[in-house]
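Residue-level listing of the chains:
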Amino acid sequence: MSTSLEGRVALVTGASRGIGRATALMLAARGADVAVNYKSNRAAAEDVQRQIEALGRRCVLLPADVADFAQATALVQQAVEQLGRLDILVNNAGLTRDNLIVRLREEDWDIVVDTILKGAFACSRAAVRYMMRERYGRIINIGSVSGLGGNAGQTNYAAAKAGLIGLTKALAKEVGSRNITVNLIAPGFIETDLTASLPETMVSEILRLTPLGRLGKPEDVAAAVCYLASEEASFITGQVLSVDGGLLMQ
Ligand code: NDP
């Protein structure tokens, strides 16, 4: 048994910034070659690529909007073609469009649900077709505490993240016999661009409710992804792993 990911190929969606970026870098540090997907921040994605290559690993940049079914499908195909195989898929791309439900516009609902939920469906569907033939795969979905406990102002986001839990469990049952595991990590509040504009009062309230007394770092989530991607996690599937400093205990 080894925690090394040498010889493995990973695709991380939304890997130009934040949690996806830290995950791509940590997977590479553990030995994986990485396909880095991003939507619009080319310069940031190129920086991730430079760092992965400096670690001696192969890296391809694959721009695609995962909310678009055809682009998400092509993304997975390109990762397989350009890196030769696909062992690990991290469905991480996400965004928020927060508002109280009476002010939430249809487009705010659609972009959040399409990116998070439909994107994970489309990427997983394409990846599973390949992984089933190989009889090996690790799919790791990035959920949220919001999908477990709800959060006022996030009906769209909480619904998408809760939906991702259902997808995780159903798919884990579908593909377990092919040696493919599917798990979800539910991060609490992690310091990234996504949470940079939270009001100070909200941050202190979150800190007060967090037993470990700090916000998370992208690397806290990346480490959990690396674990679920490793051989040591080969008997774990269909699970939700919270990485939230103890914010939400169930
Ligand atoms: P960031 O805003 O820092 O980064 C988001 C990433 O997703 C970027 O790389 C962005 O690419 C990419 N992205 C957004 N939309 C798309 C799309 N349609 N197609 C492809 N890529 C896309 O977010 P975080 O790192 O904070 O969040 C990452 C994941 O973790 C999300 O799923 C989020 O919901 C989840 N999460 C985050 C928490 C937090 O506290 N930060 C807490 C719980 C969950 P680009 O910039 O190139 O457009």
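This structure is a prediction, so every number in the text was calculated from the model and none was measured.

The rules behind these values
Residues numbered from 1 in each chain as written. Predicted model: local features only at pLDDT ≥ 70, side-chain atom pairs only at ≥ 80, totals over all residues. Heavy atoms only, no water. Helix = DSSP H or I, 4+ residues; strand = E, 2+ residues; numbered from the N terminus. Rg over C-alpha atoms; globule rule 2.2 N^0.38 Å. Buried < 20%, exposed > 50% of the residue type's maximum accessible area, 1.4 Å probe, protein only. Phe/Tyr/Trp six-rings, centres within 6.5 Å; stacked < 30°, edge-to-face > 60°. Lys NZ or Arg CZ within 6 Å of the ring centre and 35° of its normal. Near = heavy atom within 4 Å. Polar contact = N/O pair within 3.5 Å; in protein donor to acceptor, adjacent residues only side chain to side chain. Areas by Shrake-Rupley, 256 points an atom, 1.4 Å probe, with all protein chains shown as cover. Pairing = 2+ DSSP bridges. Axes fitted to C-alpha atoms, helices over the stretch in contact; angles between N-to-C directions. Contact = heavy atoms within 4.5 Å. Salt bridge = Lys/Arg side-chain N within 4 Å of Asp/Glu carboxyl O. 1 Å grid on protein atoms, 1.4 Å probe; cavity = no way out; pocket = protein on both sides within 12 Å on 5 of 7 lines; lining within 4 Å. Points joined across faces, edges and corners; volume = space filled by probe spheres on them. Nonpolar A, V, L, I, M, F, W, Y, C, P; charged D, E, K, R; others polar.

Peer 1: Explain the overall build of the protein to me, please; I cannot follow it from the model alone.
Peer 2: A count of helices and strands for the protein gives 8 helices and 7 strands. Relative to the compact-globule value of 18 Å for 250 residues, the protein shows a C-alpha radius of gyration of 17 Å, a close match. Its C-alpha atoms put the protein at 45 × 40 × 35 Å along the principal axes. Within the protein, the fraction of its 250 residues that count as buried is 50%.

Peer 1: Would you take a moment to explain the packing of aromatic side chains for this structure?
Peer 2: Aromatic rings in a pair are described by how distant their centres are and how their planes are angled relative to each other. Under the definition given, this model contains 1 aromatic pair. The ring centre of Tyr136 lies 3.9 Å from the NZ or CZ of Arg8, which sits over that ring.

Peer 1: How do you make sense of unusual backbone geometry when you look at a structure like this?
Peer 2: Only a minority of non-glycine residues have a phi that is not negative, and only a minority of peptide bonds are not trans. Positioned with a positive phi, Arg135 is a non-glycine residue whose angle comes to about 55°. In this structure, Arg135 sits in the loop between α4 (106-134) and β5 (137-142). Residue Asn179 is not a glycine yet carries a positive backbone phi of 65°. Here Asn179 is to be found in the loop between α6 (155-175) and β6 (180-187). For Asn179, a relative accessible area of 38% puts it in the partly exposed group.

Peer 1: Teacher, can you tell me more about the site of the ligand here?
Peer 2: Around the ligand there are 31 residues in total, and Ser16, Asn41, Asn92, Tyr157 and Thr192 lie nearest to it. A distance of 2.9 Å is found between an oxygen atom of the ligand and a side-chain nitrogen or oxygen belonging to Lys161. In the complex, 96% of the free accessible area of the ligand, which totals 900 Å², lies under the protein chains. Those elements that provide at least two residues to the shell around the ligand are α1 (18-29), β2 (33-38) and α6.

Peer 1: Where do I start with the sheet that holds β5 in this structure?
Peer 2: Through backbone hydrogen bonds, the strands of a sheet pair up, either in parallel or in antiparallel fashion. Within the open sheet, the 7 strands sit side by side as β3-β2-β1-β4-β5-β6-β7. Their pairing is parallel. Since the sheet does not close on itself, it has two edges, and those belong to β3 (59-63) and β7 (240-243), each with one partner. Within the sheet, the average angular offset between the axes of one strand and its neighbour, ignoring direction, is 20°. Here 4 bridges tie strand β4 (residues 88-91) to β5, and the two strands are oriented parallel to one another. For Ile88, the partnering residue across the bridge sits in β5 and is Arg138. On top of the sheet, α1 reaches β1 (9-12), β2 and β4; it is set at about 175° to β1, its chief contact.

Peer 1: Help me understand the pattern of salt bridges in this model?
Peer 2: Pairing between side chains becomes possible if they bear opposite charge and their charged atoms approach one another. Throughout the structure, instances matching the rule amount to 12 salt bridges. Between Asp193 and Arg17 there is a salt bridge; the shortest N-O distance is 2.7 Å. Placement of Asp193 in the loop between β6 and α7 (200-209) and of Arg17 in the loop between β1 and α1 is noted, with a sequence separation of 176 residues between them. In this structure Arg17 comes out as partly exposed when scored by relative accessible area, which is 40%. Across the pair Arg208 and Glu205 runs a salt bridge whose closest N-O atoms are separated by 2.9 Å.

Peer 1: How should empty space enclosed by the protein be read in this particular structure?
Peer 2: Over the atoms rolls a probe the size of a water molecule, and in doing so it shows where empty space is left. Taken as a whole and assessed by the stated rule, the structure comprises 1 cavity of 30 Å³ or more. Approximately 70 Å³ is the volume attributed to the largest cavity. Taken together, Thr13, Val66, Asn91, Asn92, Ala93, Thr115, Ile116, Gly119, Ala120, Ile142, Lys161 and Leu164 make up the full set of residues lining the largest cavity. Where the lining of the largest cavity is concerned, the elements lending two or more residues are α4 and α6. Considering every element that reaches the lining of the largest cavity, the biggest residue donor is α4, with 4 residues. Split by residue class, the lining of the largest cavity holds 6 nonpolar, 5 polar and 1 charged.

Peer 1: Sorry if this is basic, but what is going on with the pairing of β6 here?
Peer 2: Remark: a regular strand shows side chains that alternate across the two faces of the sheet. When you tally the buried positions in β6, you get 8 out of 8 residues, the bulk of the element. A two-sided burial pattern is seen for β6, the buried positions comprising Ile180, Val182, Leu184 and Ala186 on one face and Thr181, Asn183, Ile185 and Pro187 on the other. Here 6 bridges tie β5 to β6, and the two strands are oriented parallel to one another. The residue bridging Gly137 from the neighbouring strand is Ile180, located in β6. Pairing of β6 with β7, which is carried by 4 bridges, proceeds in the parallel orientation. Counterpart to Pro187 in the pairing with β7 is Val243.

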